There are 2 protein chains.
Amino acid sequence: MATIKDIATRLGVSVSTVSKGLNGASDISEELRQMVLDTAVEMGYATKKSKKKENRKLAVFIENMEYETEDQFGYDIVLGFKQNAFRHNWDVTVIPVTPAFQLTEKYDTYMLKNGFCGAFLVGFALHDEWMQQLSHTTMPTVLFDNYIEKNPNVCYVGTDNYEGIDAAVDHLYTLGHKKIAFLNGSLHSMVSEQRQEAFYNSMKAHGLTVDEKLTAYGYYVADSAKYHVPTFLGAGATAIICGNDLIASGVIAECKLRGFRVPEDISVVGFDDLPLSASLEPPLTTVRQERNELGKCAYVVLNSLVHHIPFCRTQIRARLIERESTARCPAVPEIKPLA
Amino acid sequence: MATIKDIATRLGVSVSTVSKGLNGASDISEELRQMVLDTAVEMGYATKKSKKKENRKLAVFIENMEYETEDQFGYDIVLGFKQNAFRHNWDVTVIPVTPAFQLTEKYDTYMLKNGFCGAFLVGFALHDEWMQQLSHTTMPTVLFDNYIEKNPNVCYVGTDNYEGIDAAVDHLYTLGHKKIAFLNGSLHSMVSEQRQEAFYNSMKAHGLTVDEKLTAYGYYVADSAKYHVPTFLGAGATAIICGNDLIASGVIAECKLRGFRVPEDISVVGFDDLPLSASLEPPLTTVRQERNELGKCAYVVLNSLVHHIPFCRTQIRARLIERESTARCPAVPEIKPLA
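Residues numbered from 1 in each chain as written. Chains lettered and ligands numbered in written order. Predicted model: local features only at pLDDT ≥ 70, side-chain atom pairs only at ≥ 80, totals over all residues. Heavy atoms only, no water.

Looking at an unreviewed UniProt entry, one finds chain A named LacI family DNA-binding transcriptional regulator, with Roseburia intestinalis as its source organism.

Below you can see the structure in the form of structure tokens.
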């Protein structure tokens, strides 16, 4: 476990500065204090105070998502949550779960038995047992990327998919693209539906027509590309927006396989900005989900639910990261209208 | 200005308990501490600590909305904001503004000159000068009931109008109403648009048809009723949902004037749950906006923006308050289909 000295060394500041930051002393700046606290959490430091505290326990339940190393999608989400919770002396336990585990005990029972005051659920699927129970849970619960109707104890937290997709369309539009394809993630996902609607709205707002042959739902995996990219290319797409970066990596591979250069012949945009995206060949232009901020946001909302502020829906901004997988639309031979 | 003793008397607890609550001592419960802090703010108590603090200033700018007495819409919003800000030693200044005032100085300039770190804007109109400037402001800003695209420094906060209107439709549906009218507030308002969309969606979800003669945009004033209620009654409405409680008060008056009893002949539902709504004749069934919680939510979001968490959209739950202005749909003579 990290000591105060370890934190000081990592940040290049004195031990007393770290100590001040951890203890909320007023003679260091707010920025520095924040950095000290964030680093302490990242390095696994635990104060005696937080060790002692009882009844200040929050859970992060995580399913279908990797979070243990920095290159995984869930890592920064969990880290951001813990960093913010640490400030208020909450003790956070991260618990990976499976569908089978959810059948062993009811959500509320599990929470009560283990003394948790609230939970953040990440990566759950609609048909999961615990998801079904969220309509009636009495436990303050924040849910990543899914919305539960009418229960004032549950809040949805996610990225603004509308602005995210709009930023992607707008970027391609300014590069001269008109035949823009959209290879979305799985059907029956709230996030996919928001992105689909966003794509239609944004294309319309840019005066562009959506060609039905150029949109498809796949799954949130690279393999989706095989089934849809050939159709897109055949229908004359010059750019493909993808439901996430994994799909985009598959799309790039599939385009290359068929002799199309990225970005010279076809531009590709992802969604998420996974750590791997910057090292794809070419590095991927993508809509970034600010994962550390999502985690922090989830904590703020959960803490509010615990204090009876009935947040129900919270989104944070998406941000387009421009890299090398997008370029100006290749010149298309102009077709003269018939005289 | 209130003293610790005043707070103790009001709450019926000892002076030392109040003192513990104000100073964050760990041997009183979180609930009690919260009550002490909330009451301290409500009574205008200021600690020496918060008097001394510099550079911890937030502004609440308020326009087109009364907030000075408990019976006014803005009162609890401002109070909730101040109560939560107080916990973190922010100094809050409430500044009523006019369109003319906004022309005297740019928003960012005013904020910087006066040392504010962020602001909560309540009641602003779309065409206001400062609203135009929000697309590019660098100041953390929370905006009640309006959304600013793409600027990560600005977040929208409001009530979930979709669930609110759905709760109203659902309530009337279970009372047997089918010919439900909707007298919305002003056109070109984001909130009105959300409620209009919600009304169509909810009617459809309940298997009910929207009769175009039974929907209209008015203004958010009682007078709107005069122009639309006669049409609604003529077209056979048995219930009217209103864009806010003021409209509802006008609707009730207009119905009575035309010899219709509320709720025996026609049911009326409001939106907001203004303090006046409970003392209307009959007391109004309405969709409550949790104003104290909205204020608290706005603070939480503003504090997050100050700490660079790019919240963009936040809604809290609406709640239907059942009173006496709604009742079972009067029996309609059944029309037999032609043989």
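What follows continues from the structure just given.
**So, the pairing of strand E2 (residues 91-96) of chain B**
Residue and element names in this part refer to chain B. Quick note on the threshold: Pairing between strands is defined by DSSP: at least two bridges between the two strands are required. Runs of H or I in DSSP of at least four residues are treated as helices and runs of E of at least two as strands, each being numbered from the N terminus. Look down the strands so they point away from you; if going from the first strand over the helix to the second traces a clockwise path, that crossover is right-handed.
Here strand E1 (residues 57-62) runs beside E2; their pairing, made up of six bridges, is parallel. Bridge pairing in E2 links isoleucine 62 to proline 96. A crossover links E1 with its parallel partner E2, the connecting element being helix H5 (residues 73-87), and its sense is right-handed.

**Topic: the domain arrangement of chain A**
It is common to give the size of an interface as the accessible area that goes away when the parts come together. Residue and element names in this part refer to chain A. As a reminder, the rule being used: Start and end points for every domain follow an automatic or database-based domain assignment. Whether two residues are in contact is decided by their heavy atoms, any of which lying within 4.5 Å being enough. Accessible area that two parts lose when put together, with a 1.4 Å probe and added across both, is what the buried area reports. For salt bridges, the criterion is a side-chain nitrogen of Lys or Arg within 4 Å of an Asp or Glu carboxyl oxygen. Here a polar contact is taken to be a pair of N or O atoms separated by no more than 3.5 Å, where protein atoms must pair a possible hydrogen donor with a possible acceptor and residues adjacent in sequence count only if both atoms sit in side chains. Polarity classes work like this: nonpolar for Ala, Val, Leu, Ile, Met, Phe, Trp, Tyr, Cys and Pro, charged for Asp, Glu, Lys and Arg, and polar for all others, with Gly in that last group.
The assigned domain composition of chain A is domain 1 (1-45), domain 2 (53-159 + 291-318) and domain 3 (161-289). The straight-line distance from the C-alpha centre of domain 1 to that of domain 2 is 27 Å. Between domain 1 and domain 2, the residue contacts involve eight residues of the former and seven residues of the latter. For the domain 1 and domain 2 pair, buried surface summed over both sides reaches about 710 Å², with 60% attributable to carbon and sulfur atoms. Ranking the residues of domain 1 by area buried against domain 2 places Asp38, Val41 and Glu42 at the top, with a combined share of 63%. If you look at where domain 1 meets domain 2, you find two salt bridges. Its salt-bridge partner being aspartate 38, residue arginine 87 comes within 3.2 Å of it at the nearest N-O pair. In this structure, the connection of domain 1 to domain 2 is made through three residue pairs in polar contact (both at pLDDT 80 or more). The dominant element in the side of domain 1 that touches domain 2, judged by the number of residues it contributes, is helix H3 (residues 30-42), at six residues. A breakdown of the residues in the side of domain 1 that touches domain 2 according to their chemical character gives five nonpolar, one polar and two charged.

**Here's the deal with the interface of chain B and chain A**
Listed by partner, the interface residues are 31 residues for chain B and 31 residues for chain A. Roughly 2,600 Å² is buried in total at the junction of chain B and chain A, and carbon and sulfur atoms are behind 54% of that figure. Broken down residue by residue, the surface that chain B buries against chain A is led by B:Ile309, B:Arg313 and B:Arg317, which jointly contribute 25%. Counting the contacts that link chain B with chain A gives four salt bridges. Put simply, B:Lys150 and A:Asp166 hold a salt bridge, and the shortest N to O gap is 3.5 Å. Taken together, the connections running from chain B to chain A amount to 21 residue pairs in polar contact (both at pLDDT 80 or more).

**Quick look at the environment of A:Ser202**
All names here are of chain A. As for its placement among the helices and strands, serine 202 is situated in helix H10 (residues 190-205). In this structure, the C-alpha to C-alpha distance between serine 202 and phenylalanine 311, residues 109 residues apart in sequence, is 28 Å. If we skip the residues at most four places from it in the chain, serine 202 touches Asp166 and Val169.

**A word on the relation of the copies chain B and chain A**
Rules: When the copies are superposed, the least-squares fit takes in the C-alpha atoms of residues with a pLDDT of at least 70 in both.
Of the two same-sequence chains, chain B is brought onto chain A (RMSD 0.0 Å, axial shift 0.0 Å) by a rotation of 180 degrees. Accordingly, the operation relating the two chain copies is best matched by a two-fold axis. Within chain B, the C-alpha atom positioned nearest to the axis of rotation is that of B:Thr314, 2.2 Å from it. Comparing interface residues between copies, 100% of those in chain B also sit at the interface in chain A, which points to an isologous, same-surface contact.

**Describing the UniProt feature "domain: HTH lacI-type" (unreviewed entry) in chain A**
In plain terms, the rule: UniProt positions are given in the numbering used here, feature names are shortened, and annotations may be inferred rather than shown by experiment.
Residues given the UniProt feature "domain: HTH lacI-type" (unreviewed entry) here are residues 2-45 of chain A. Structurally, residues 2-45 of chain A is divided into 68% helix and 0% strand, and its ends, taken at the C-alpha atoms, are 5 Å apart.

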